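# Inside the fold
Each chain is listed here by its residues.
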Amino acid sequence: KDFFLEGLGPSTIVGSAAFNLLMIIAVCIVAIPDGEVRRIKEMTVYICTASWSVFAYLWLLVILLLISPHVVEVWEGVLTFLCFPILTFLAFACDKGWIGGKAVDRHHRSLEDMTEAELAEAFAELRKTHGSNLSNEHAARLLAAQTRKPVSRATYRSH
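Conventions adopted
Residues numbered from 1 in each chain as written. Predicted model: local features only at pLDDT ≥ 70, side-chain atom pairs only at ≥ 80, totals over all residues. Heavy atoms only, no water. Salt bridge = Lys/Arg side-chain N within 4 Å of Asp/Glu carboxyl O. Helix = DSSP H or I, 4+ residues; strand = E, 2+ residues; numbered from the N terminus. Buried < 20%, exposed > 50% of the residue type's maximum accessible area, 1.4 Å probe, protein only. Phe/Tyr/Trp six-rings, centres within 6.5 Å; stacked < 30°, edge-to-face > 60°. Patch = residues over 30% accessible without salt bridge, like charges linked within 9 Å, V, L, I, M, F, W, Y side chains within 5 Å. Areas by Shrake-Rupley, 256 points an atom, 1.4 Å probe, with all protein chains shown as cover.

## Points about the pattern of salt bridges
Scanning the model with the defined rule gives one salt bridge in all. In this structure, the salt-bridge partner of Glu137 is Arg141, at a minimum N-O distance of 2.9 Å. Taken together, the residues span about one helical turn, with Glu137 and Arg141 both in helix α5 (residues 136-147) at a distance of four residues. Of the two residues examined, Glu137 and Arg141, each falls in the exposed class.

Next comes the structure, spelled out in structure tokens:
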């Protein structure tokens, strides 16, 4: 039960992936209104996924042309399949700041997600910054304003 390389299989996979990549980029470019600019905010996640994309094509070349020319062995398929959960975990780790050194920013966390200890620490920081006589109600309003997620302009377009 050998899996032999034929022209249609790998070409279909590579062609489909390339088409998807190019179409996604094209749609993203066309969706941005004239005169506006978008920037990548999570550069570590972008670098992680872009690196794995390049690695995937190189790995495909290595297994199909160097390790076992024109034959896909079971261990190669299993190893290739296992790369996806690794990529998923690494992208998640980059997003969480575990890789890349980016600390979790409390200003973009909702109040509901904060633990009691984090809330107490945030209130203490507010009192240190704005004075110890800051009332609980005023401190809560300040903290709510600081932790409120930025609203996208798309929010206003939907109404």
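Moving on from the coordinates now.
## Some words on the packing of aromatic side chains
Counted under the stated rule, the structure contains four aromatic pairs. A ring pair is formed by Trp52 and Phe55, whose centres lie 5.4 Å apart and whose planes are at 75°; its orientation type is edge-to-face. Here the residue Trp52 and the residue Phe55 both occupy positions in helix α2 (residues 43-67), the gap between them amounting to three residues, near one helical turn. Here the aromatic rings of Phe89 and Trp98 are separated by 6.4 Å at their centres, their planes lie at 45°, and the arrangement is tilted. Feature note: the residues Trp52, Phe55 and Trp59 constitute an aromatic cluster, connected by ring pairs.

## Quick look at a nonpolar patch on the surface
Residues Val54, Leu58, Leu61, Leu65, Leu66, Ile67, Trp75 and Leu79 make up a contiguous nonpolar surface patch of about 780 Å² in total accessible area. Mapped onto the nonpolar patch, the elements with two or more residues apiece are α2 and α3 (74-96). Per element, the largest residue contribution to the nonpolar patch is six residues, and it comes from α2. Relative to the elements of secondary structure, Leu66 occurs in helix α2. The class of Leu66 is exposed, set by a relative accessible area of 64%.

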